[in-house]
Amino acid sequence: MIKDSIIEEHNNKRITQLQSHYNMLAEQLGERGLDIYLIKEKVAEFGVAVPSWGVGTGGTRFARFPGPGEPRDVMDKLDDCAVINQLTRATPSVSLHIPWDKADPATLRDKASSLDLKFDAMNSNTFQDQSKQMYSYKFGSLSHTDAATRQQAIEHNIECIEIGKTIGSTSLTVWVGDGSNFPGQVNFADQFSRYLESMEAIYKALPDDWHIYTEHKIYEPAFYSTVVQDWGTNFLIANELGPKASCLVDLGHHAPTVNIEMIVSRLIQFNKLGGFHYNDSKYGDDDLDSGAIDPYRLFLVFNELVDAEQRIKSFNPAHMLDQSHNVTDPIESLMNSAMEVKRSYAQALIVDRKSLIEYQNNNDALMASNTLKHAFRTDVEPLLAMVRYENGGAIDPIAAYRSAGYRAKVAEQRPEVSGAGGGIV
Ligand code: PSV
Ligand code: MN
C-alpha cells in the first residue's frame, strides 16, 4: 500500500484551502436549511464495492492493451483494491468473480483482512468455458437444452456460495450469457423455464442470511435474444424464487434511451431492488467509468435511492462498480468512479425534498425539475474531500496516487503482460 507519510504530506499541502472551501459549502447549505455535518456522516458511511476484475486493463472484442504492473492474480488484485480504498475511503469491499479469483479461501480471507478489506457479492461465471470443463456453455448454461450442462452450471453457482461462506460474503450475483443469435434458434418459454428451474436449485442452496441477485442485460454475448433481457423478466425471476432473491441493475445493460431511474423506482416499490453495477455508457454496455458520460443520470438514480432511504426502514441495496478500463490506469478509473458514485449520493441528499413534493403536488413541472437541478449543480467536492481527509484518505486521490508512484513500483515486481487477443474481461 501507499506510505501514510505520503498521504499526510499530500494532505498537509491542501488542508487549509479545503477547510475554507468546506466552510463556504457549509454556509451555502446552511442557508438552505441543511446541516453539512449530517450529510457528511451519511456520505462517510456509504461504500461501493470494487470489482476484482476491474483492476486489470479490460479490452474490447478487438484487442486488449495492457498497461504496466498488471495484477498477476487475485492477491495482486486485492493489493490494488486496497490502494483504491486507502486513498478514497469509499471502497471497503471487493466483489470476486469465480473461477477467475479462485484461491485458497483461508489465504484470501487473511489477505483481505490484512488490507482491511471485506468481500461483497460473489459472481459466478457460466459465460465462458474453463479448461477441463466437461460440458461447454457455447449454447447456454443454466438454460441449456442439456440437463447435464445445466447441472454443471448449477454446481458452479453452489461452489461460489460455498467459497463465499468461507470468506464472509453473504450474496451471489448471477449473470448468464444465455440467449440466442437467430430467430427460431430457441423456444423462448422453454428456455426460460429451464433457467428458472436451475435458479431454483441454486436458491435452495442459499444460506438463510444470503441474498441472490439476478442481473439482466438486453444483449451480448447473445445478439438476438437474451434469457434475462430486461427488468421485467428479472422481476419475474425474483418473484418466482422468493424473498432472498432480488434484481441487480447494471446501468449499462439497457437500450440507450431507457429510463433507468424509473426502473429503479419500480423495483424499490415492489421490494425487489437488490443492487447495482455502476458504470456509464453512450451506446450499449460500454462499461465506461461511472459518471463519465451522463452524471445527471447517475444523480437521478441516487435521487430515487435517497427518496427510498427516507421512506423505507433498513433500505440497503448493494452498491458495486462494474467497469472495463481500456485506456486509463484501472486504479485511477476506479477511484474516480467511486468518488462519482459518492458525489451523486451527496447531491441527492441535498435535494430540497419538501419543496420537490410541493411542486409535484401542484404540477409545477418546471420548478420540480429546477429543484433537482439545483442540487445537481451544487459543487459538493469540498464535502467529499473532507470525508476522505477525516477518514485517513487523500484530499485528491488521483494526485496522491500519481505522486506515490505505486504503478511504477508494482511494475518492477509484476512482469509485463502481452496484449494479444481480444476479450471483454
Ligand atoms: C456482464 O456484462 C457483466 O456486467 C456481468 O456483471 C459480469 O459478471 C461482468 O460484466 C463480467 O465482466
Ligand atoms: Mn455487471
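The following refers to the structure shown. Not measured: the values here are computed from a predicted model.

Attention now goes to the overall build of the protein chain. Along the protein chain, the regular secondary structure elements total 15 helices and 10 strands. By the compact-globule yardstick of 22 Å for 425 residues, the protein chain fits well, its C-alpha radius of gyration being 22 Å. Seen through its principal axes, the protein chain has C-alpha atoms that stretch 65 × 60 × 40 Å. A sequence separation of at least 24 residues applies to 79% of the contacts in the protein chain between residues at least 6 apart.

Okay, the environment of Ser344 next. By the secondary structure assignment, Ser344 is in helix α10 (residues 330-349). Residue Ser344 is classed as buried on the basis of its 26 C-beta neighbours within 10 Å. Remark: the alpha-carbon pair of Ser344 and Arg297, spanning 47 residues in sequence, is separated by 9.3 Å.

It is worth spelling out the pairing of strand β9 (residues 273-278) at this point. Each regular strand displays side chains that alternate between the two surfaces of the sheet. Most of β9 is tucked away, with six of its six residues classed as buried. Bridge count for strand β8 (residues 245-250) against β9 is four bridges, and the pairing is parallel. What sits directly across from Cys247, in β9, is Leu273. Handedness of the crossover is the feature at issue here: the chain leaves β8, passes through helix α8 (residues 260-269), returns alongside β9, and the resulting connection is right-handed. The parallel pair β9 and strand β10 (residues 318-321), bridged by helix α9 (residues 295-311), forms a crossover whose chirality is right-handed.

Strand order in this open sheet of eight strands is β1-β2-β3-β4-β6-β8-β9-β10, and the pairing throughout is parallel. Pairing within the sheet leaves two strands with one partner each, and these edge strands are β1 (50-51) and β10. Lying over the sheet, helix α7 (residues 231-241) contacts β6 (211-215) and β8, oriented at roughly 160° with respect to β8. Across the sheet, α8 is in contact with β8 and β9; its angle to β8 comes to roughly 170°.

Bringing unusual backbone geometry into the picture now. Ile98 connects to Pro99 through a cis peptide bond whose omega is 15°. Within the secondary structure layout, Pro99 lies in the loop between β2 (93-98) and α4 (105-114). Here Glu220 and Pro221 are connected by a cis peptide whose omega angle stands at 5°. Note that Pro221 resides in the loop between β6 and β7 (225-226). You will see that Asn271, though not glycine, has its phi angle at about 60°, which is positive. A positive phi angle, close to 55°, is found at Asp287, a residue other than glycine. With respect to the element layout, Asp287 can be found in the loop between β9 and α9.

Cut-offs applied
Residues numbered from 1 in each chain as written. Chains lettered and ligands numbered in written order. Predicted model: local features only at pLDDT ≥ 70, side-chain atom pairs only at ≥ 80, totals over all residues. Helix = DSSP H or I, 4+ residues; strand = E, 2+ residues; numbered from the N terminus. Rg over C-alpha atoms; globule rule 2.2 N^0.38 Å. Contact = placed C-beta atoms within 7 Å. Buried ≥ 20, exposed ≤ 12 C-beta atoms within 10 Å, placed from the backbone. Pairing = 2+ DSSP bridges. Right-handed = clockwise from strand over helix to strand, strands pointing away. Axes fitted to C-alpha atoms, helices over the stretch in contact; angles between N-to-C directions.

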